[in-house]
Structures are given as C-alpha cells and as structure tokens.
Amino acid sequence: MDVTKSSLQQNKLRLNPGLVAILVAIVVSLIITSQPTLLAWANDYPKSWVLPVSNYLSDFVKWLVNDASLGLFTFKEFTRGIGSILNAPTLFLKSLLVTGFKIEGETQTLLQIPPLSWLGVTAAIGLMTASLGDRRLTIFVVLVFLYVAFIGLWDSTMLTLASIIVAVLIGIGSGVLLGIASFKWTIVDRVLTPTFDFMQTMPVFAYLVPALMLFGYGPAAAMVVTLIYATPPMARITKISLGQLDSETVEYGRMAGCSKHQLTWEVLIPSIRPRLMVGVNQVIMLTLNMVIIASLIGAGGLGFDVWQALKALRIGQGAEAGIAITLVAIVLDRLSQQFAARRPVHQDIQPSAAQRYRLPMLMIAVAIGATIIGQWLPAISQVPDSWTFSTGKFWDNIIDWININGYEYIDGFRRFFFVYLLKPTKGFMLSLPWLGVVMVMAAIGYHLGGIRLAVLAGVLVGFIATVGLWEKAMISVYLVGVCVFIASLVGIPIGVIAAGNQRVHNIVQVIIDTLQTLPSFVYLIPVIMLFSVGEFTAMVAIVMYAIVPAIRYTDHGIRQVSTEVIEAARAMGCTRMQILRRVQLPLALPEIMLGINQTLMMGLSMLVITALVGTRDLGQETLIALSKVDPGRGVTAGICVAIIAITADRLINAWVQQRKMKLGLDGK
Amino acid sequence: MLKLIQKLTAGIVLSGLIFASSGLTANAAVPESKEPIKVVMMGYSGDNIIMFIYGELIKKLGYNVEYTPADYIGQFTGVGAGDLHIASPGWDTTAKAVLAEAFASGNVLNMGDIGIAVNEDWWYPLYVKEVCPGLPDWKALLEPGCVKALSVVETEPKARFLSGPIEWGGTDPERIAAMGLDFEVINAGSDGALAADLVAAIKRKQPIVAWSWEPYWIPALYPGEFVTWPEFDDACYDDPSWGMNSKMTHDCGRPNGFMWKAAWSGGEKVWPKAYDVWRKFKLDAKTAGELVYKSDVDGVDTKVVAEQWIAENESTWKPWLE
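Every value quoted in this text rests on a predicted model; they were computed, and no experiment measured them. Numbering of residues starts from 1 in every chain and runs along the sequence as written. The naming scheme follows written order: chains are lettered A onward, ligands numbered 1 onward. Under the rules for a predicted model, residues below a pLDDT of 70 receive no local features and side-chain atom pairs below 80 are neither given nor counted, while totals for whole chains, interfaces and linings still include all residues.

Caption draft 1: Structural context of the overall build of chain A. In DSSP terms, a helix is any run of H or I states spanning at least four residues, a strand is any run of E spanning at least two, and both are numbered starting from the N terminus. Helix and strand content of chain A: 33 helices and two strands. Over its C-alpha atoms chain A spans a radius of gyration of 27 Å, differing by no more than 12% from the 26 Å that the globule rule assigns to 668 residues. By principal-axis analysis of the C-alpha atoms, chain A measures approximately 85 × 65 × 60 Å. Any residue surrounded by 20 or more other C-beta atoms within 10 Å of its C-beta is treated as buried, while 12 or fewer makes it exposed and the intermediate range makes it partly exposed; C-beta atoms here are placed from the backbone. A total of 668 residues make up chain A; the buried ones form 46% of that total. Taken over C-alpha atoms, the radius of gyration is set against a globule rule of 2.2 Å times the number of residues to the power 0.38.

If you want it as structure tokens, here you go:
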C-alpha cells in the first residue's frame, strides 16, 4: 500500500511524460479534425498513398503455387505431398468407421469390408472409459454415443471424429515440440512468439485460399487450417510450464545421470504433464471450433450438417448437430483428462503381454464381433431410420413463437441500442483522423511501456492505413469495442456473483462451457430471425461468444484473492460490499483485465462469422477475397485483424504489469 | 495371444470376403476407371437433387462416386485443381464472372447448360401488396406510403432492400440511383442470413422486399412475386442514354440466365463415359421446381427425391447412358 501512495505523490509532483504525450496527441488530433480541407490527408488516408500490399501477396502466393521450386520437385508438389500424408490416417479412420474398405480390381470391386457397427464402437468406447474407473464418465460417454446414433447423426459424427482425432494428435505433438524448442533456444522463441500471435488472431478465412491452393480442396487443407489455429496454445503452455519448473527437478535429473534426451522426455515433460493438459483442452476446443469452417472446404461431417440445416433454416436440426459437436468436444476433453490423471503404477512383476493388451484386444473383439453379427442383423450394423428421432420441430416452433409474439419488444430493444449506442459510436469512430489515432495509440504505448511499445503500436496501426483498409478496420474496432463494453458490463457482475456463490458458479460454468463449444452458427441464424440482418445482430452474436472469458477470469480472479487479506479486512470491520469494492475487485483487477483482453480476442475472432450476417468490416473483406479467390486480399485483411488484436493485447498487458507492480503482486 | 490375433485377422478377411459386393457387371469398357468421381454437394436442396440424380445414374454404370461437400463459389477452385471433379451448377446470375474465369483457365470444362432458366431479382411476399398497391410493377415502390412501410430503424427514412452478399454482384445501388428509388441496400452476408431474415419477416407479416431467386425453396414455399422492371437489354448496363434515365445505367430489370454444368478438364480422359452423361444431362425448370418442392415443402430427403425421380423417369435418362 505504501508503494501506491508514494508513486501517487510522485505523479503529483512530476508531470508524467506518458500522460503528457497522450494529451499532446489528442490535441493534435483535434487540430487535424478541425481542418478537414487543409489537413485532408491526415483525416482520410489518401487513396494514392495506398501500398498495393495485397497485390504483392497475391503475386507471392501465385508464384508459390505455380513456379516455386525446391530443386527436385516444386513447392506445390511438396505441400501436396504433405497433404496426402496428413490425409492418410484420416482416410483410414473414415473407412474404418463410416465407409468401409474397398479393394478395387481392374474393373470390379474385389473385396469390400463393412465399417464398424455403431453398437460395437459404442460398446468398445464404453469398455475403454470403464477401465479408467470413473463410472459417471462412462455413463456420460455411452449416452453421448447413443444420442448421436439415435438422433440420426452417427455417420457424420464418426466422420468428424476421424478428422478431429488426427488433427488433435498432430496439434498436441507439434505444439509440445515447438514449445520445447522455444524454451531451449531464445532465437526460436523470438521468431515463434509473434508468429503464434498472428496464427491465433488471423481470421481463418484469410488464409483459406492459399491453403486450398497449396493443399488441395479437401480434408488436408481443412486440417492444415485447423492446425494453424489450434497449435499455438499448446506450444505456449509447454514453454511456460517448462519455464516455471523448479530448478530442483532439473538438478535431480542431472544427478540421476540423465542424457539430454532423457532429461527432456523422461523428467521434464512428465513433470509438467498436469499443466500440459490445459493445452490439450485448448487444442481440442479450438479444433472443434473449426469443424464448420473445415466442412466448407470438403471435410464433411457434423459441420456440414449444421451448415446445410441452417441454410434451409432448419434450426432444430442445426442445433442437434451443433450439440453433437459440443458433446464430442466434452467427451474428448474428459477422456484425455482422465488418461492424464492416471499415475503410472509401479509394479514389481512386469505384466505379461496378454494382461497388458487385454483391454485393447477386448475392444477390438467387441467392435468386430458386433460388425460381423451386424451382417445378419442390419439394425446392429446401421441404426434403422425408424429408431431415430428428432427434436427439430420443437426448436423451430419455439423460435417461431418468440418471433411472432415477442417481436414488438425485441424491435424496441433493437431500436434503442441502435439509436443510442451503435449509430453514435460508429459515427464517432469513422470521424477520427487516421493520423490522430496512430499518434494517440503510440502515446498510450509510450505511457504504458516506454519507447519500444510506442513504436510498435504506431507502426502497426499505421500499417492498417497504408494498405487502405482504414475504414473497414474502424468498423471492426467499433463493433468489437461496443461488444467488449457490453460483455464486460454483463460478464463481470456475473463473475462476481459466481465467485461468491458455489451454486451459481456451477450453473454458470455449464452455460459458458456450452457457449464456448457450441458452433456460433447454431445461434447465429435464430438471432438473425429475431433481430434481422445488421450490426445489432452481429453484436448479439459476438457478445454471446465473447462474454465467456469476462465471466471466467472475474470469477477466477476474485477467488484467487487470498483469504488472509479478506480476513484482515473483515477484522477491520469492513462490510461485504466494502470488502468487494475496496479489496477483492482492486486485487482481482489485473486478472479481470486479462479476461477483458481475452474477450477482445474472441470478439475479433467472431468478425468473420458476423461478416456472414452482413457487417462491412474486415471480416467481410476476407469473405469477399474467398469468393473472388484472391489470396492477397484475404491475407491483408487478416493481418489487419491480427494487428488490432496484437496492439490491444500488448497495451493491456503493459497496463496489467504496471498495475500488478503497484499492487505489490507478483509481476512475472 | 498370437493365435488370437491370427484368428481375428482371418475373421476380418473372411467376413470381408463373405460380404464382398457382387459388383455391377456392366459393359466391359465402362467404367474406364474405378477412381472415385468426386461430385460436389453444395447443401442447397435443388442442387443436391441434381447432383444426386447424376451421381446415382453413373453409379449404375459402375463408377465409384464420392459426394463431397463444398462451398458454391469455392468449389470452382477445387474443380480447377482436380481435387473435385463434377461441380454443382454455376448460375449466370451469381457466378458469371467466376465461371468465365474458370472456363478461361482451361482447367474447367464447360459442359453446357442444364436446361433450367434461372431468375434472380427483387422479390416480395404477397401481403406487401396491401402497403404497396400497384405491385408487381416497380413504380409502386416509389410511393411514400410504401417506402414508409418498408423502412426499418437502420434505414430510416428510406425503405430497406434486403440483398444477398456483396460478392454475389447484385447491382442494386446502381439501379436504386438510376430509377430514383428511396431505398437503402442492406446486405446479408450469406444465403443463410438472407433466408433467416426474409422468412422471419414473412412469418410475422412484416412488409419486406428482398433478393430471391428461382428455383429456390422460399418462393416455392411462400406465396409472393418478383418485382417487374423495364425489360433488360444489354445496352441498359453499358449505355447511360438507354432507358428511362438518360444519365445513368442500370435503369432496367436484371438479365436472366442459365445453370451451367462444369467439370475438371483432366477427368475427360479418366472417365469419358461419365463425362458424356454429364454433357447429356438435362432437366427442365418445371421438373426442377417440383423436385425442390418435394424436398423442401414435403420434407423428403434430397437423395430419396433423386432416387424416386430415377425410378419414375427411365425413359428420360436411358438415352443419356447409352
């Protein structure tokens, strides 16, 4: 507390140069705005100054696809080769689970092996889960498999599983390797950290066209795109966990005489295994986030079901497939967590091969047995149509009912937001002079992190203007900004309540987990039906998705405030409200700000989705590029989205550091 | 243990052999290759039915068919690269430029039109006539009462015209300017968004004028009409002096067009007969409309609709296979 006071006093005595810089930048901006004709170039970025970056990028991609050569083979042959390697395991699983195997002769099919029976697969997975010893999980997993079978989505689910499992495994593997590399070599880390920033924040549609060109239309391109998006968190977590490891562990490994290789794989990685599971969870969730987009480029499966149902406005059907995606995500996550939680058991006698492989053999036997029986009992090989059911009509009717009976209120609500919030904010953002914004951002960077951050913020924001996407970028910032504001306004109080009440906490957890894994398309279409096409609808969809971290981090942050501090406050006679306002919230503020940072990131990642509603922002730019097959245009817009994300991230993080130091918290 | 594995392997192979398909012993030359032909499924009922009819027909010849999901515009990149083989039909009204570019590249073959004339333009549900009397004639949209009824908070005081995605290349802003309409274009970002907004408005009987097309399930399902404009003429889009507004282009209706069949050029050598069938493939608009209705209104699965059509129309498709 002393630290805070003294620094405040210093602020009063000496003018803070950072604040002065911000003030000057604002004044200059006002001068620019007041001279719309004289300083026109500083208000609106002149068209003739625009650098044709997107053309360069297009040319580069075309060169890569058509002419680039690696000596013995062309670059395209190389990527196509990788593509077919990536495809192979997926194809095998797909044949095993969905289509069956066919061996073709010259003109005739020689051998045809049917796919595994649904009952067999369910039983085998049930057995596997049961062996982990968690009965509730076993029941849940079996129920999920029965749900997809009886809702008529078995084949799609298996198709999705086939591609997801391979992508997740590759994502985890390469994530861990990259994480170790950047832990060991600083130079690798220097390159990878900003690369990961771009990989995570660039909207997928931006690099879809180059991926399609290089890897071909189909599951391979879908997997590459998924990996780009889903691998970075795994690598980051690996690196951070290794960094936080006790030096004692390493010492112990050295003393035990481990080789370098052994030290990494038999000491370091096993000891961070519990932490790595957070990364595994992220890879699974992000991979499933990509299911719908992957389906648009030929991956098929549940994503395609959602897409097709929603195109025909069969909301219920779309929701059923969407829920199946969520359930698959939860099953994969829980199963992997359970596997990881199993501690290696020390046994004096090595188990015999028969003992060790009893479970896998049993699983194979059950799956194949059911498949063979299924040839005589078709109901076992494939779920008969008469057994399946659909809740589709029910959901459709609910939406219709709200649409017809509640529209008056909905429309009033929409009108209010549009007139008093969206329209004025948008007008304000679009009226800002580009040069002024660049200067203010640089000044804020200077205030929070010194000259380096100032240059970074200035250059990055300036880049957006030089590629001629200023207006679309401002619309993006306005849309996401408003959404972050609303998400914080709603999410932080919910987080505060959830932190104080375990029952609320449990309910909120289920809701936010669902919001995060349910494909946004599922609720996008009903939201359009109720709020019609426009920015308000986009806002509702973004807030629904981006509110999750605002709630989660607030909840977590407040729970983390040490009980001793609270006890002390209580002993001093603080009321509950006072404890919350004067102790818990200030101490949790850095954590809450990180939550808002995440909200911002997720809001930005929704831009592509909301462009499907019809917003005129950077997301739309990537969509247009996609349909015009213009790789450079998409990538340029994608870079701008990434720039907004990275600039915001750096500034918020700098602020959090400052704040943590002032509060005397761990400033790591 | 090993024995068990051996037994199991034997079991798998055996069970496979038992259920080995008999295969279709068609004429010796066809199919020329067992390589699967990838037929694009776009997810629209009408297009799905067409592709299913084609796919099921060439299956009769012994070809292996793989129905592959893909996006409408994006598919042409895949077809050009040979990752996909038979494209879902491209419409003159929305994919003209993309098609022209694909055909010009030499990697995509123009296999002729399907025989279905397509129409895309401003469409309204019938009850809009109550607030805009005089429709379908476009002049009804000039009336202040009509404009007021069609306006929403985002476009006030102008009326809203709900259009498709910008990349579909609708020329509505030009037309609105040329014809002096007091309308503002709101673009839906995707076909799904457009349908959701339009159908929700229809269900609550809110006046609306929106982009739609035929054959498509919305005009099939809900009673409505297309707005009629001064008839399209090539000169209308190029020559400002043409038409009612002597200073601007686009003062007319939209050009109509056809649905085009496209295929990967490299496949001609691999499956010549299958390509021949695709060239001969024809459907008329009336049949297509009925098939779409069966799927979207009666709720029959698109593949079943296709199979039924094949069963009932042997005389139509028999010549294609010969």
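Caption draft 2: Focus on the overall build of chain B. For chain B, the count of helices and strands is 15 helices and nine strands. Across its three principal directions, the C-alpha atoms of chain B cover 85 × 40 × 40 Å. Looking at the 322 residues of chain B, the share that counts as buried comes to 46%. Taking the intrachain contacts of chain B between residues at least 6 apart in sequence as the baseline, contacts between residues at least 24 apart amount to 70%. Contact criterion: two residues are in contact if their C-beta atoms, reconstructed from the backbone, are within 7 Å.

Caption draft 3: Representation of the nonpolar core in the model. Core membership is restricted to buried Ala, Val, Leu, Ile, Met, Phe, Trp, Tyr and Cys residues, and these are joined into a nonpolar core through C-beta atoms within 7 Å. Counting 282 residues, the largest nonpolar core has A:Val225, A:Cys483, A:Ala546 and A:Cys640 as the members making the most contacts within it. When residues no more than four places from it in sequence are discounted, the contact partners of A:Cys640 are A:Ile464, A:Val467, A:Leu469, A:Ala473 and A:Leu618.

Caption draft 4: Summary view of the environment of B:Glu167. Mapped onto the elements, B:Glu167 comes out in the loop between β5 (159-163) and α7 (172-178). Apart from the residues lying within four places of it in its own chain, the contact partners of B:Glu167 are A:Leu623, A:Ile624, A:Ser627 and A:Lys628.

Caption draft 5: Seen up close, the pairing of strand β7 (residues 209-214) of chain B. Residues and elements named next belong to chain B. Summarising burial for β7: five of the six residues are buried, a large majority. Two strands qualify as a pair provided DSSP detects at least 2 bridges between them. Here β5 runs beside β7; their pairing, made up of two bridges, is parallel. Across the sheet, Leu 162 pairs through a bridge with Ala 210, a residue of β7.

Caption draft 6: Local environment of the packing of helix α2 (residues 45-60) of chain B against helix α13 (residues 285-296) of chain B. Residues and elements named next belong to chain B. Here an axis means a line fitted to C-alpha atoms, over the contact stretch when the element is a helix, while the angle between two N-to-C directions is reported on a 0 to 180 degree scale. Look at α2 against α13: their axes get within 9 Å of each other, and the N-to-C directions meet at 110°. In this view, α2 runs roughly perpendicular relative to α13, as classed from their interaxial angle. Read as a crossing pair, α2 and α13 show a hand that is right-handed. Facing Ser 45, Gly 46 and Ile 49 of α2, the residues of α13 in contact are Ala 288, Leu 291, Val 292, Ser 295 and Asp 296. In these notes the angle categories are as follows: under 35 degrees is roughly parallel, over 145 is roughly antiparallel, 65 to 115 is roughly perpendicular, and the rest is oblique. In this scheme the crossing of two helices becomes right-handed for a clockwise turn of the near helix relative to the far one and left-handed for an anticlockwise turn of less than a right angle.

Caption draft 7: Representation of the domain arrangement of chain B. Residues and elements named next belong to chain B. Per the domain assignment, the segments of chain B are domain 1 (33-116 + 257-321) and domain 2 (119-238). The start and end points of each domain follow an automatic or database-based domain assignment. Summarising the inter-unit geometry, the C-alpha centres of domain 1 and domain 2 are found 30 Å apart. Of all the secondary structure elements, the ones that give two or more residues to the side of domain 1 that touches domain 2 are α2, α4 (92-105) and α13. Examining the composition of the side of domain 1 that touches domain 2, we find that six residues originate from one element, α13, more than from any other.

Caption draft 8: How the structure looks around the pairing of strand β9 (residues 257-264) of chain B. Residues and elements named next belong to chain B. With six of eight residues buried, β9 lies mostly within the body of the structure. Sheet analysis places strand β3 (residues 90-91) next to β9, joined by two bridges and oriented antiparallel. When the sheet's bridge partners are listed, Gly 90 is paired in β9 with Trp 260. As judged from the six bridges shared by strand β4 (residues 108-125) and β9, these two strands associate in the antiparallel manner. The partner of Val 118 across the bridge, within β9, is Gly 257.

Caption draft 9: Molecular detail of the interface of chain A and chain B. Counting residues at the interface gives 58 residues for chain A, matched by 49 residues for chain B. The class makeup of the residues in the side of chain A that touches chain B is 35 nonpolar, 17 polar and six charged. Amino acids are sorted into nonpolar (Ala, Val, Leu, Ile, Met, Phe, Trp, Tyr, Cys and Pro), charged (Asp, Glu, Lys and Arg) and polar (every other residue, Gly among them).

Caption draft 10: Looking closely at the environment of A:Val98. Examined against the element boundaries, A:Val98 turns out to sit in helix α5 (residues 75-99). With 64 residues separating them along the chain, A:Val98 and A:Ala162 place their C-alpha atoms 9.2 Å apart.

Caption draft 11: Summary view of the confidence of the model for chain B. Residue and element names in this part refer to chain B. Across chain B, pLDDT averages 85, with 91% of residues at or above 70. Confidence scores per residue from the predictor, reported as pLDDT, run from 0 to 100. In the model, residues 14-28 has pLDDT below 50 throughout and makes 19 contacts with residues more than four positions away in sequence or in other chains. Scoring of the predicted complex yields 0.83 for pTM and 0.81 for ipTM.

Caption draft 12: Main features of helix α24 (residues 451-466) of chain A. Residue count minus one, scaled by 1.5 Å, sets the expected span of a helix. In this model, α24(A) (16 residues) spans 22 Å end to end at C-alpha, consistent with the 22 Å of a helix rising 1.5 Å per residue. In this structure, the buried residues of α24(A) make contact with α23 (434-449), α25 (470-500) and α33 (631-663) of chain A.

Caption draft 13: Quick peek at unusual backbone geometry. With an omega dihedral of 10°, the bond running from B:Leu135 to B:Pro136 counts as a cis peptide bond. Note on placement: B:Pro136 falls in the loop between α5 (128-131) and α6 (144-150). A positive phi angle, near 60°, is found at A:Leu313, a position not held by glycine. Residue class for A:Leu313 comes out buried when judged on the 23 C-beta atoms lying within 10 Å of it. For A:Ser532, which is not glycine, the phi dihedral falls at a positive 55°.

Caption draft 14: Broad picture of the domain arrangement of chain A. Residues and elements named next belong to chain A. Entries for chain A in the domain assignment read domain 1 (113-343 + 354-398) and domain 2 (470-641). Domain 1 and domain 2 are separated by 25 Å when their C-alpha centres are compared. Taken together, the contact between domain 1 and domain 2 spans 26 residues of the former and 27 residues of the latter. Contributions of two or more residues to the side of domain 1 that touches domain 2 are made by α10 (204-215), α14 (273-289), α15 (291-299), α16 (302-311) and α17 (315-341). For the side of domain 1 that touches domain 2, the class distribution of residues is 22 nonpolar, four polar and no charged.

Caption draft 15: Region of interest: the packing of α25(A) against helix α28 (residues 535-560) of chain A. All names here are of chain A. Where α25 meets α28, the closest approach of the two axes is 6 Å, and the angle between their N-to-C directions is 40°. Considered as vectors, α25 and α28 are oriented oblique to each other. Regarding α25 and α28, the two cross each other, and that crossing is right-handed. Here the contact of α25 with α28 is composed, by residue class, of 22 nonpolar, four polar and three charged.

Caption draft 16: The arrangement of the confidence of the model for chain A in detail. The share of residues in chain A with pLDDT of 70 or more is 94%, and the mean pLDDT across the chain is 85. When the elements of chain A are averaged for pLDDT, helix α1 (residues 2-13) of chain A gives the smallest value, 50, and α25(A) the largest, 94.

Caption draft 17: Highlighting helix α4 (residues 53-66) of chain A. Residue and element names in this part refer to chain A. Counted at 1.5 Å a residue, the expected span for α4 with its 14 residues is 20 Å, and the 20 Å between its end C-alpha atoms agrees. Looking only at α4, the buried set comprises Ser 54, Leu 57, Ser 58 and Val 61. For α4, the angular spread of the buried residues around the axis is 100°, confining them to a single face. Set apart from the buried face of α4 by more than 90 degrees, the exposed residues are Tyr 56, Trp 63 and Asn 66. Looking at the buried residues of α4, the elements they touch are α10 and α33. Think of the arc as the fan of directions from the helix axis to the C-beta atoms.

Caption draft 18: Representation of the environment of A:Ala181 within the structure. Within the secondary structure layout, A:Ala181 lies in helix α8 (residues 154-184). Separated by 408 residues in the primary sequence, A:Ala181 and A:Leu589 have C-alpha atoms spaced 33 Å apart.

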